[in-house]
Amino acid sequence: MRWQGQRLEAESADALPGLARLSTLVRSVQTPEFAGVTFHEVLAKSALNHVPGSSPRMPNAWTINPYRGCQHACVYCFARPTHTYLDLNAGKDFDTQIVVKVNVGEVLAKEVARPGWRADPQPVQLGTNTDPYQRAEGRYRLMPQIIETLAGSGTPLSILTKGTLLRRDLPLLATAAEQVPVDVAMSIAVFDDELQRSIEPGTPRYQERLATVTAVREAGLDCTVFLMPILPFLTDSREHLDFALGRIRAAGASSVLYTALHLRGPVKPWFFFWLEREHPELIERYRGLYGDRAYAGTEYRRWLAGRIRPLIRKHGLEQAREDRATGGMTADPDRQVVFEEVASSSLAQPTLF
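First, a word on scope: everything that follows refers to the structure included in this document. (Residues numbered from 1 in each chain as written. Predicted model: local features only at pLDDT ≥ 70, side-chain atom pairs only at ≥ 80, totals over all residues. Heavy atoms only, no water.)

What follows covers the overall build of the protein chain. Counting secondary structure elements, the protein chain contains 14 helices and 12 strands. Buried residues in the protein chain amount to 59% of all 353 residues. By sequence separation, contacts in the protein chain at least 24 residues apart represent 76% of the contacts at least 6 residues apart. Of the roughly 14500 Å² of accessible surface on the protein chain, a fraction of 49% belongs to carbon and sulfur atoms. (Helix = DSSP H or I, 4+ residues; strand = E, 2+ residues; numbered from the N terminus. Buried < 20%, exposed > 50% of the residue type's maximum accessible area, 1.4 Å probe, protein only. Contact = heavy atoms within 4.5 Å. Areas by Shrake-Rupley, 256 points an atom, 1.4 Å probe, with all protein chains shown as cover.)

Rendered as structure tokens:
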């Protein structure tokens, strides 16, 4: 892959307006291996993103986002609005204009070396915005240095991903877990091949993600599965949920988290565009369920809880596990998902570079 020969000038049509103005933009890259995708390589000014007051249980959340935008192209992705801060749109641009913080590891090493951080290292989460193990990570390999740097500084970490590339770093994570608390979670929302190809076209198949859950467990680490979002009228049937939880249990997952679909800001029109194309028969039902809200109505969420919680118990996936050291994840279905709270807060005041 001759990336050096694929350089685009920063002021070209492919380097879109918000990025072309950045002094931190190194180059914009295209390659046949990633057809239709442009990678905008930037120099990060900071690696750690502080999300203050995001949750009563986690008042000092820290995140790292080595990438902006995501090749997984999940129609419902709550992080889509972050692209609008770069004068990019939350639809196709989010899927195809990927910002890469090529020096994030070096910047992180300086930040965690500060006396104040070493005196009281705070938990750091990866995957609360865009996926750190999307396909681009196979090229850029940013995660190994991030993992080693955090563990070496005594910093607990948690990772949420849909990417099977996580397996590459399991030896590193197992070593890190000997030094600091490490949480790993795999997100698997859809257990139907046709629907997954339509709504998550860039993700690995659910079978491959389940195999990754098994690999994580075999490496000696716990692995929570995020069964989210649950899509009303598409993945909320008893049959789909029972099948999903059975497969999750068979893969060896430690526990399960779930939540219903939420549609914030520009994510809603993008999702409805997909819905009108793929499932027009559901348009009116979704309008009635969501109205002008980001979340499904209270009645639906109570109905969903009444359906899924007995199934979680049936498959033995309800055991609570809250790690106070990482502040990361809990398998108690009665609790809100901490990751959602962090992501929602980070959208309000993003640390871009």
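Applying the stated criterion across every chain, the model contains 14 aromatic pairs. An angle of 45° between the planes, with centres 4.9 Å apart, marks the rings of F191 and Y206 as tilted. Taken as a pair, F191 in the loop between β10 (182–187) and α8 (193–199) and Y206 in helix α9 (residues 206–218) lie far apart in primary sequence, 15 residues in all. The exposure class assigned to F191 is buried, which follows from its relative accessible area of 5%. Here Y206 falls in the buried class, since its relative accessible area comes to 6%. Its end group placed over the ring of Y140, R139 keeps NZ or CZ at 6.0 Å from the ring centre. Of note, R285 hangs over the ring of F233, and the distance from its end group to the ring centre comes to 3.8 Å. (Phe/Tyr/Trp six-rings, centres within 6.5 Å; stacked < 30°, edge-to-face > 60°. Lys NZ or Arg CZ within 6 Å of the ring centre and 35° of its normal.)

Taking 1.5 Å of rise per residue, 13 residues should cover 18 Å, and α9 covers 18 Å from first to last C-alpha, within 8% of that figure. Of the positions making up α9, those classed as buried are Y206, R209, L210, T212, V213, A215 and V216. Buried residues belonging to α9 abut α7 (170–176), β10, α8, β11 (224–230) and α10 (238–251). At the exit of α9 stands G220, carrying a positive phi of roughly 90°. (Expected span 1.5 Å × (residues − 1).)

The N-to-C vectors of helix α11 (residues 267–278) and helix α12 (residues 283–290) enclose an angle of 155°; their axes lie 10 Å apart at closest approach. One element, α11, and the other, α12, form an angle in the roughly antiparallel class. Note on element contacts: α12 touches α11 through I283, Y286, R287 and Y290, opposite K268, F271, F272, L275 and E276. Per-class residue counts for the contact of α11 with α12 are six nonpolar, no polar and three charged. (Axes fitted to C-alpha atoms, helices over the stretch in contact; angles between N-to-C directions. Parallel < 35°, antiparallel > 145°, perpendicular 65-115°, else oblique. Nonpolar A, V, L, I, M, F, W, Y, C, P; charged D, E, K, R; others polar.)

Now for unusual backbone geometry. The linkage connecting M228 with the following residue, P229, adopts the cis geometry, with an omega of 0°. Summarising the element assignment, P229 is placed in strand β11. The backbone of R141 shows a phi angle near 50°, a positive value even though the residue is not glycine. Structurally, R141 is set in the loop between α5 (136–140) and α6 (143–152). Unlike most non-glycine residues, F233 shows phi in positive territory, near 70°. Along the polypeptide, F233 turns up in the loop between β11 and α10. On the accessibility criterion, F233 (27% relative accessible area) is partly exposed.

Turning next to the pattern of salt bridges. According to the stated counting rule, one finds 11 salt bridges in the structure shown. Between D95 and R80 there is a salt bridge whose closest N-O contact spans 2.9 Å. In this pair, D95 is assigned in helix α2 (residues 92–96) and R80 in the loop between β6 (67–68) and α2, connecting sequence segments 15 residues apart. For the residue pair D95 and R80, the accessibility class agrees, reading buried in each case. In this structure, the salt-bridge partner of E284 is R287, at a minimum N-O distance of 2.7 Å. One end of the pair, E284, and the other, R287, are both in helix α12, three residues apart, so they sit about a helical turn from each other. With a relative accessible area of 55%, E284 lands in the exposed category. Among the residues examined, R287 registers a relative accessible area of 46% and is labelled partly exposed. (Salt bridge = Lys/Arg side-chain N within 4 Å of Asp/Glu carboxyl O.)

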